[in-house]
Amino acid sequence: MKILVTGGTGYIGSHTVVELQSKGYEVIIVDDLSNSSIEVLDNIAKISGKRPLFEKFNLVDPDKTYAFFKLHSDISAVIHFAAHKAVGESVELPLMYYRNNIASLVNILQGMISNNIRDIVFSSSCTVYGQPDTLPVSEETAVQKAASPYGNTKQICEEIITDTSFSSNIRGILLRYFNPIGAHETALIGELPLGVPNCLMPYITQAASGKRPFLRVWGHDYDTPDGTAIRDYIHVVDLAKAHVIAVERLCNANGKDKIETFNLGTGNGYSVLEVIKSFEKTSGVKLKYELNDRRPGDVVKIWADTSLANNELGWKAEKGLDEMTDSAWKWEMALANKIAK
Ligand code: UD1
């Protein structure tokens, strides 16, 4: 079976391509390489012994997207990752975010419908919950007004897929990720942030390797045991595996509804200081950090109720925090060695 992975050279996309290929799926990637590198294809091939098919274009272009789907009407399902994802940038450039993240989805759905392709897995985020009143947060928890245009595009895209399913044969699984971190155990693929990272894990590894002078811990007076904010960090490989299961569920028509939503996390919350502690233990490196003011827009604490994904998908995150920080550090070291060569 042939699976289209949009954004397949990106962070979560590349790990998902590896998992799909290891299960025997044929993969075709569409990516405009705006936030990833073509070399990722070689590294996917090194890990899985197979180079995925690849086409470079931006799915915002309707003509290119429709021509692509016409040519590849034998695609069995789509996993849609391709999107801009920087919260701060989305506040500065909202139209770029709305055009890119929403128009591409509309074009994909039109291309699917025209070619009778039914199944789509969508890359959503726990950001749709904002700061929930009760924890852990389940899929039943009300979606809150988005705090940024980026978050809003995730909410709108979920609604577009749902609305489209009412009037067509489109079926979808919306996967709400908590905080994906870590890298593949081979250290051949991982997160490649452009410029200064916003997210915690790449900032930690870059500060530890000397690329950044030190880490700023955003907020240390929160109502949490150690005062720092709490998130549900999940290993990217565990996350990737859930996509393969979601595709299988759609293709085998095992779902209970045309549109299903699942939280993907571990169910455990860790504070920023706990992540730092784990990193220092697994890497053996003492991290330089400073306690700073809060970052505007941050939620205090969130972690997932994963029982729906556990029971319905038969999926459970297997890797713990130490495996996440260890693999993230090995990836950072592999990058440093590559640059040194
Ligand atoms: C961010 C996005 C969220 C997105 C998610 C995907 C924001 C506000 N939210 O979530 O919409 O879906 O990534 O991965 O950007 N931290 C520091 N110092 C740093 C960086 C982070 O202390 O240099 C802290 C943050 O304050 C937070 C935690 O680490 O408490 C995690 O931050 P981050 O990795 O940026 O993820 P989120 O903010 O949870």
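What counts, and where the lines are drawn
Residues numbered from 1 in each chain as written. Predicted model: local features only at pLDDT ≥ 70, side-chain atom pairs only at ≥ 80, totals over all residues. Heavy atoms only, no water. Domains from an automatic or database assignment. Contact = heavy atoms within 4.5 Å. Buried area = accessible area lost by both parts, 1.4 Å probe. Salt bridge = Lys/Arg side-chain N within 4 Å of Asp/Glu carboxyl O. Helix = DSSP H or I, 4+ residues; strand = E, 2+ residues; numbered from the N terminus. Phe/Tyr/Trp six-rings, centres within 6.5 Å; stacked < 30°, edge-to-face > 60°. Buried < 20%, exposed > 50% of the residue type's maximum accessible area, 1.4 Å probe, protein only. Near = heavy atom within 4 Å. Polar contact = N/O pair within 3.5 Å; in protein donor to acceptor, adjacent residues only side chain to side chain. Areas by Shrake-Rupley, 256 points an atom, 1.4 Å probe, with all protein chains shown as cover. Nonpolar A, V, L, I, M, F, W, Y, C, P; charged D, E, K, R; others polar. Pairing = 2+ DSSP bridges. Axes fitted to C-alpha atoms, helices over the stretch in contact; angles between N-to-C directions. Expected span 1.5 Å × (residues − 1).

A. Inspection of the domain arrangement of the protein at higher detail. Its domain assignment divides the protein into domain 1 (2–182 + 233–264) and domain 2 (200–231 + 268–304 + 319–340). Look at where the C-alpha atoms of domain 1 and domain 2 centre, and you get two points 26 Å apart. With 19 residues of domain 1 at the interface, the matching set in domain 2 holds 19 residues. Buried area between domain 1 and domain 2, summed over both chains or domains, comes out near 1700 Å², and the portion from carbon and sulfur atoms is 68%. Summed over the shared surface of domain 1 and domain 2, the result is 1 salt bridge. Where K338 meets E39, a salt bridge forms, and the shortest distance between an N and an O atom there is 3.3 Å. Sorting the residues of the side of domain 1 that touches domain 2 by element identifies β7 (179–181), β10 (233–235) and α8 (236–251) as the ones contributing at least two each. Here the side of domain 1 that touches domain 2 gets 3 residues from one element, more than from any other, and that element is β10.

B. Summary view of the packing of aromatic side chains. What the rule picks out here adds up to 4 aromatic pairs. Judged by centre distance (5.6 Å) and plane angle (85°), the ring pair of F68 and F69 falls under edge-to-face. Overall, the relative accessible area of 0% leaves F69 in the buried class. Ring-pair connections join several aromatic residues into one group, and the members of that group are F57, F68 and F69.

C. Spatial organisation of the site of the ligand. As a matter of local geometry, the ligand sits amid 20 residues, with S125, L200, R216, R231 and D298 nearest to it. L200 has a polar backbone atom sitting 2.8 Å from an oxygen atom of the ligand. Within the contact set of the ligand, a nitrogen atom lies 2.7 Å away from a backbone nitrogen or oxygen of R216. Summarising the interface, the protein chains cover 87% of the accessible area of the ligand, which totals 740 Å² for the free molecule. For the shell around the ligand, the secondary structure elements donating two or more residues are β7, α7 (200–208) and β8 (215–218). With 4 residues, β8 is the single largest residue contributor to the shell around the ligand. Among the residues forming the shell around the ligand, the class breakdown is 12 nonpolar, 4 polar and 4 charged. When residues of the shell around the ligand are sorted by domain, at least three fall in each of domain 1 (2–182 + 233–264) and domain 2 (200–231 + 268–304 + 319–340).

D. Up close: the sheet that holds strand β6 (residues 171–177). Ordered in space as β3-β2-β1-β4-β5-β6-β11, the 7 strands form an open sheet in which the pairing is parallel. Across the chains shown, the open sheet's two edge strands, defined by having one partner strand only, are β3 (53–55) and β11 (259–264). The mean inter-strand angle of the sheet, taken between neighbouring strand axes irrespective of direction, is 20°. Set on the sheet, helix α6 (residues 149–166) makes contact with β5 (119–125), β6 and β11; between it and β5 the angle comes to about 155°.

E. Highlighting helix α5 (residues 94–114). In a regular helix each residue adds 1.5 Å, so 21 residues correspond to 30 Å; α5 covers 30 Å between its end C-alpha atoms and thus fits that length. What α5 keeps buried is the set Y97, N100, N101, I102, S104, L105, N107, I108, L109, G111 and M112. Against β1 (2–6), α3 (62–71), β4 (75–80), α4 (87–92), β5 and α6 lie the buried residues of α5. Following α5 by one or two positions, N116 adopts a phi angle in the positive range, close to 60°.

F. Focus on the pairing of β4. Most of β4 sits inside the fold, with 5 of its 6 residues counted as buried. In terms of strand pairing, β1 meets β4 through 5 bridges, oriented parallel. For I3, the partnering residue across the bridge sits in β4 and is A77. Where β4 meets β5, 4 bridges bridge the pair, whose relative direction is parallel. For H80, the partnering residue across the bridge sits in β5 and is F122.

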